[in-house]
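Fold and contact review
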Amino acid sequence: MAAFSTAYHPGSLLSVEHLSIADVGQILAATAELESMDVAARAKVLERRTLALLFYESSTRTRTSFELAAKSLGATTTLVSDKSSSIEKGESLKDTGLTLRALGAEAIVLRHPASGAPELLARVTGLPVLNAGDGMHQHPTQALLDLRTILLRLGLNAATATAQTLRGITIVITGDIRHSRVARSNAMLLPRLGAKVILCGPEELLPQEAAELLAGVELPANAGVEIARDLDAALERADVAMMLRIQKERLLGTALDLGEYVKRYQLSQARLGRYPKLLVMHPGPIIRGLEIAGEVADSPQSAIEEQVAHGLAVRRAVLVRALGARA
Amino acid sequence: MKELLITGGRLIDPASGVDALRDVLVRDGKIAAIEKPGGFAALAKTLPKQFQIDATGCIVAPGFIDVHVHLREPGQTHKETIATGTAAAVVGGFTTVVAMPNTTPVNDSAESLAWMLDTARGSAVNLLAMPAATAGSMGERVTDFAALVNAGAVGFTDDGKPVLEDEIMRAALISAARLGVPVSQHAEDTRLTGGCSMNAGPVAFRLGLRGMTVEAESRIVERDIRLLEEIERAEGLRPHLHVQHVSTARALAAIKSAKARGLHVTCEAAPHHFTLTEDAIGEYNTNAKMNPPLRAEADRRALVAALLDGTVDCIATDHAPHASHEKEVEFERAPNGITGLETALGLALRVLHKDSGLPVSRVIELMSARPASIIGLKDRGAIIVGAMADVTVFDAGAEWQFRARDSRSMSKNTPFDGAAMLGQVKATVCAGRIVYRR
C-alpha cells in the first residue's frame, strides 16, 4: 500500500470539515448563480462531462437529486448500485472505483454504509469524490442544502458565507443523533458560520461525546454545539427545529419505548403551536406520526419540500466544483 | 568448535545486573566467557572476521524475546510465513518469538504445534508457540494442555477470541497452573464490541465509527483476576494469568492491584499503544486499526507510567501482518493489526527512554529478561556464562526513519512508515550464529 495520504482531489467533497468558510461561500454563490441561469445555457455547463453515481445504499432523494442536477447541467451520468453490479460478486470498492475511472468517469458520487468509504475511494482513484452519505459519518451536501434553506427562510443572504452568517441563530436537531450523518454534518458546519446547534435526544441516541464534535475548532463567539435532553427547553431557544427519522429498532434496548419517545421528542402540533416563528426542517425520509406529526410536516412553518428543491440546486454547484467547470 | 567474539561494546544484562564494557565469547551456541575489554585479544587476532562483531559504541544486550507475534503460517501465507516473519524479527533484534495460534487451521493440537515448530519452516530465530486454549479457539472445550506442553507449548491463548465463559477460563487456568505455564488472555468482552472498529469516545463519534469501550477490556481482566483468587483459594494452585497488550488505564489499575495482592498476573504492552493514540486513525487510516484499539491520550500516558513503575512486565509487538489489499478497504471491514517486529526497539527507546526517562537497561529488561521469565525460559534472556548465545547489539543513539518498503516482513501494514526511531540493531546473534548484521 502506498503511504497513507489525505491529499484528495480538490474537487472532492468528503466532509464538511474539509470546507473552509470561503469554500462554503463559493458553493452558495455558485448555487444561486446556477439557479438563476437560463435553462438552456445551464444545460451546457457540464456538456460532454461524465459522472458516475455509485450507490451501495438505497436512496430516493439524494440519488435522484444528484442525477437530476447532473442532467440539468448536461453531464452524462451512469448509475451503479450494489444490487446490480459486480459489487455483488465481491468486487472491492477500490476496483469498482478504478473500473469507473477507466470507463471515463471524471467524478464519482458515492453513497456507502461504511463511514470513511468516500475517503478511501478518493485516495485510490484520485478522482473528485462527492460524498452522498457514508455510514454514520457525513452527508455534506445535506448540510449545505440545509444551510441554504435556513438562509432563504430567515431572509438572509444565501449567496455568501462568513463566520457571522448565522450569528444569533439557534438550531435544534432532535432524534437519533448517534446514527445520523445529517446531524454530524450540520453540527460541524453551522457553528462555524456563527450558529448555536443544540443536539437533543435521550442518552442512548445522543451520547455526551457529541458535544465534542467541534473540539479544537476555532469558533465565532456564542457559536458551538450543545447537548439537551429536554426538547421543550431547547425549543424555547430555537429558530430552527430539525427533526431526524427515528427507527423503531434503535429504541430496542433503550430505556425508552416508542410511546415515551413520541411524548418527549416528537415535534407535535401542540409543541409547534407554542412557537409560531419556528422553522421546521427534516432531511427525510419522514416517519409521520413518529418524530414529527403529519400536520407539522405539512404546515406553512415546514421547509421540508424546499429542502429537497435546494438539494438539487446545491448539488449542481458541487458537481460544477468537482469537475472544475465554470458556471 | 564454533566461536564468535563480540568486542568493544557496553554489555547491559539486566538479569545479572551487569552494565560495563565487556567482550563476550560465544562457543557452540552458548555464552562461553565474558571478559574486560581486550580480554580476548589473542583470540581476536586469529578468529576470522566473519566470526567477530565489533560492538564499539554499541550496547550488547540479551537477544530480545517477543511473546506475541502472528506469523500466519499455516494457512495465511499471503500475509507472512514463519521464514519472512522471523527474518523481520532479527532486524528488530529478536532472537525468540512466540507464535499465536490463530493460523488456518488453528494451532490447537500437538500435531499442528510440531508442524509449526519444525525446522523445515525455516525460522531464523528460536520459534516458540502458544497453542489455542480451546479447540479451534471456539471457547468451548479446553485443549489437551499436557500433550501440548509436552510438545513444546509455552502457554495457552485464544488470542483475538478471548475466553469468555467463566468455567472454561477457570478450567484453562487450572490446567495451565498444574503444568506451570501461563494462560495468555486477549482481554476483550466481545459481547460488548460487536461492530466496533476503534476506541469509544469523541473521535469515534466524529468519524461515525462504533467504539470499543474501556470496560470491554477491563471487565475481562477483572473477571480473570477474580478467577485467579478463587482458584488459589479453592484449589491451592497458583495459576499464572498473562494479560496481552493492555491498552487502558482501567485494566492497568486492576492488574496493579492484583499484583499488590500477590496474585500471579503479568502483562505486556505493545509499542503502538505506548506511542500512538486514536488520533493516528486520522481519516480512516486502516494501518492504525488494531485490537485492542489505539486509545485516548490519558490511556497512553497511563501505559507509559505503568511501564515506568513496573506494572507492565514486558514489551510485546503483536506483530500482525496483513496484505495491502486486505487493508485497502473500508475502515470497518479492514482486519485488525499492524506489523511491529522492526519498529519495537526504535519506538521503545524513543518514547520510553528518551521522552519518558526509562533507563535503557529497563527497556532491555522489558524485552529480554522479563519476557523470558513469563514463559519460563531458563537459559535465555541473560548474558551469563552457559546461557544460550542470543545477543542483540544495537546503537542506542542512532536516529533513523523507518521505511515500510524496507521491511523484511511480507506485509507493510504499519502506521510507522516514515516515523522517527531511536536506536538501531547492528547485529543479532541467535544460538551463537550471526543471523543479522548491518
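Fair warning: this is a prediction, and the values are worked out from it, not measured in the lab.

Attention now moves to unusual backbone geometry. Residues and elements named next belong to chain B. In the segment running from E73 into P74, the intervening peptide bond is cis, with an omega of 10°. Positionally, P74 belongs in the loop between β8 (64–69) and α2 (82–91). The omega torsion of the bond from T104 to P105 falls at 0°, within 30 degrees of zero and hence cis. Counting through the fold element by element, P105 comes out in the loop between β9 (94–99) and α3 (110–117).

If you look at the interface, chain B gives 23 residues, while chain A gives 25 residues. Here the side of chain B that touches chain A gets four residues from one element, more than from any other, and that element is helix α6 (residues 202–207) of chain B.

Moving on, we come to the packing of helix α12 (residues 344–354) of chain B against helix α13 (residues 360–367) of chain B. In a pair of packed helices, the angle between the axes and the distance between the axes together describe the arrangement. Residue and element names in this part refer to chain B. It is the contact of α12 with α13, at a shortest axis distance of 10 Å, that shows an interaxial angle of 130°. Relative to α13, the element α12 is oriented oblique. Crossing angle aside, the handedness with which α12 passes α13 is right-handed. Taken together, the residues of α13 that come into contact with α12 (itself represented by A348, L349, L352 and H353) are V360, V363 and M367.

What follows is about the pairing of strand β2 (residues 76–81) of chain A. Pairing of strand β1 (residues 50–55) of chain A with β2(A) involves six bridges; the strand directions are parallel. Residue pairing for β2(A): A:A52 is matched across the bridge by A:T78.

Below, the discussion takes up the sheet that holds β1(A). Residue and element names in this part refer to chain A. Pairing is parallel across the open sheet formed by four strands, whose spatial order is β2-β1-β3-β4. Strands at the two margins of the open sheet, each flanked by one partner only, are β2 and β4 (129–134). Shown here is a sheet whose adjacent strand axes are inclined to one another by a mean of 15°, direction ignored. Of the pairings in the sheet, the one linking strand β3 (residues 107–112) to β4 comprises four bridges and is parallel in character. When the sheet's bridge partners are listed, V109 is paired in β4 with L130. With respect to the sheet, helix α3 (residues 61–72) is in contact with β1, β2, β3 and β4, its orientation differing from that of β1 by roughly 175°.

Before going further, it helps to spend a moment on the packing of helix α1 (residues 21–36) of chain A against helix α13 (residues 304–322) of chain A. Residue and element names in this part refer to chain A. The interhelical angle for the contact between α1 and α13, taken along N-to-C directions, is 110°, at an axis separation of 8 Å. It follows from the interaxial angle that α1 and α13 lie roughly perpendicular. Once α1 is placed against α13, the crossing between them reads as right-handed. Taken together, the residues of α13 that come into contact with α1 (itself represented by I27, A30, T31, L34 and E35) are A313, V314, R316, A317, V318, V320 and R321. Residues of the contact of α1 with α13, tallied by class, amount to eight nonpolar, one polar and three charged.

Cut-offs used in this document
- Residues numbered from 1 in each chain as written.
- Chains lettered and ligands numbered in written order.
- Predicted model: local features only at pLDDT ≥ 70, side-chain atom pairs only at ≥ 80, totals over all residues.
- Helix = DSSP H or I, 4+ residues; strand = E, 2+ residues; numbered from the N terminus.
- Contact = placed C-beta atoms within 7 Å.
- Axes fitted to C-alpha atoms, helices over the stretch in contact; angles between N-to-C directions.
- Parallel < 35°, antiparallel > 145°, perpendicular 65-115°, else oblique.
- Left-handed = near helix turned anticlockwise from the far one by under 90°.
- Pairing = 2+ DSSP bridges.
- Nonpolar A, V, L, I, M, F, W, Y, C, P; charged D, E, K, R; others polar.

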